[in-house]
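Examination of the molecular architecture
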Amino acid sequence: DGGITQSPKYLFRKEGQNVTLSCEQNLNHDAMYWYRQDPGQGLRLIYYSQIVNDFQKGDIAEGYSVSREKKESFPLTVTSAQKNPTAFYLCASSILGVKTQYFGPGTRLLVL
Amino acid sequence: QQQVKQSPQSLIVQKGGISIINCAYENTAFDYFPWYQQFPGKGPALLIAIRPDVSEKKEGRFTISFNKSAKQFSLHIMDSQPGDSATYFCAASNFPGNTGKLIFGQGTTLQVKP
């Protein structure tokens, strides 16, 4: 079955801690994206990557970091600099040059 | 310029009725307009999409109507069913080089009453 997996489903962060959210896809898609979703708001782009070892900041990149060492993986780190990290985080992917994005099931991050 | 404004924020429809969600945009360079459906605790799933050279696109009970001159597009759900209860997002894209970046509307929570 092809698709996007995100783990964990729920993640708890303590004050001052960095946490990493996993995103893996076996769709052979070149492009991958991270979005943040808050209640009553649309999806806001954090980072995106079109090819391995290259990524660009989205609209709300401050307090987040990413890496793209493999085509199928695009992990997101929520750093201690992100003061309001509680949100639902969604990873997506697409074929390069095609605008349709496919989303993973999401990770809900909560602060202890 | 890069915003997509979606309305209403929430919508309650009786079973069998028509649900209508509207979106408006400013940037005339947008060239791709998808709608996504999201159930609670799940990721959004592509429902239907349209390009500006077409005024209407229909897939089953779901129809997108596109008004280029008014810079508006809308989703119509015919014969709405309780299983359609979800949050719906419109989006738009035009980014150069086909990067695939999407600008999302704020979302509409639809409740279909039995």
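Everything that follows concerns the structure shown earlier in this document.
Residues numbered from 1 in each chain as written. Chains lettered and ligands numbered in written order. Predicted model: local features only at pLDDT ≥ 70, side-chain atom pairs only at ≥ 80, totals over all residues. Heavy atoms only, no water.

1. Here we look at the state of the cysteines
Overall, the coordinates contain two disulfides over all chains when judged by the stated rule. Paired by a disulfide, Cys23(A) and Cys91(A) hold their sulfur atoms 1.9 Å apart. Between Cys23(A) and Cys91(A), the disulfide has an S-S torsion of -70 degrees and is therefore left-handed. Taken together, the residues span a long stretch of sequence, with Cys23(A) in strand 3 (residues 19–25) and Cys91(A) in strand 9 (residues 87–94) at a distance of 68 residues. Side by side, Cys23(A) and Cys91(A) carry an identical accessibility label, which is buried. Sulfur-sulfur distance for the disulfide between Cys23(B) and Cys90(B) comes to 1.9 Å. Here the S-S torsion is close to -95 degrees, and the disulfide linking Cys23(B) with Cys90(B) is therefore left-handed. Here Cys23(B) is found in strand 3 (residues 19–25), whereas its partner Cys90(B) is found in strand 9 (residues 86–92), with 67 residues between them in sequence. Per residue, the accessibility class of Cys23(B) equals that of Cys90(B), and both read buried. (Disulfide = S-S within 2.5 Å. Helix = DSSP H or I, 4+ residues; strand = E, 2+ residues; numbered from the N terminus. Buried < 20%, exposed > 50% of the residue type's maximum accessible area, 1.4 Å probe, protein only.)

2. Focus on the pattern of salt bridges
Summed over all chains, the structure comprises seven salt bridges over all chains. Across the pair Arg44(A) and Asp38(A) runs a salt bridge whose closest N-O atoms are separated by 2.7 Å. Overall, the relative accessible area of 11% leaves Asp38(A) in the buried class. Taking the shortest distance from any N to any O, the salt bridge between Asp31(B) and Lys99(A) comes out at 2.6 Å. (Salt bridge = Lys/Arg side-chain N within 4 Å of Asp/Glu carboxyl O.)

3. A look at the side chain of Ser73(A)
Residue and element names in this part refer to chain A. Its location among the elements puts Ser 73 in the loop between strand 7 (64–66) and strand 8 (76–78). Engagement of the side chain of Ser 73 in a polar contact is seen with the side chain of Glu 24, the distance being 3.0 Å. Excluding its chain neighbours within four sequence positions, the residues that come into contact with Ser 73 are Cys 23, Glu 24, Met 32, Ser 67 and Arg 68. (Polar contact = N/O pair within 3.5 Å; in protein donor to acceptor, adjacent residues only side chain to side chain. Contact = heavy atoms within 4.5 Å.)

4. Quick word on the sheet that holds strand 1 (residues 4–7) of chain A
All names here are of chain A. Spatially, four strands are ordered 1-3-8-7 in an open sheet, and the strand pairing comes out antiparallel. On the outer flanks of this sheet lie strand 1 and strand 7, each paired with one strand and no other. Within this sheet the neighbouring strands show an average axis-to-axis angle of 20 degrees, counted without direction. Relative to strand 8, strand 3 is paired through three bridges, and the arrangement is antiparallel. Within strand 8, the residue paired with Thr 20 across the bridge is Thr 77. (Pairing = 2+ DSSP bridges. Axes fitted to C-alpha atoms, helices over the stretch in contact; angles between N-to-C directions.)

5. What to know about the interface of chain A and chain B
Across the boundary between the two partners, chain A contributes 19 residues, which contact 21 residues of chain B. Across the chain A/chain B interface, buried area totals approximately 1800 Å², and carbon plus sulfur atoms make up 54% of it. Counting the surface chain A buries against chain B, the share from its top three residues, Leu43(A), Lys99(A) and Phe103(A), is 34%. At the surface where chain A touches chain B, the tally comes to one salt bridge. Counting the contacts that link chain A with chain B gives four residue pairs in polar contact (both at pLDDT 80 or more). Looking at the side of chain A that touches chain B element by element, the count peaks at four residues for strand 5 (residues 43–51) of chain A. Taken together, the residues of the side of chain A that touches chain B break down into nine nonpolar, nine polar and one charged. (Buried area = accessible area lost by both parts, 1.4 Å probe. Nonpolar A, V, L, I, M, F, W, Y, C, P; charged D, E, K, R; others polar.)

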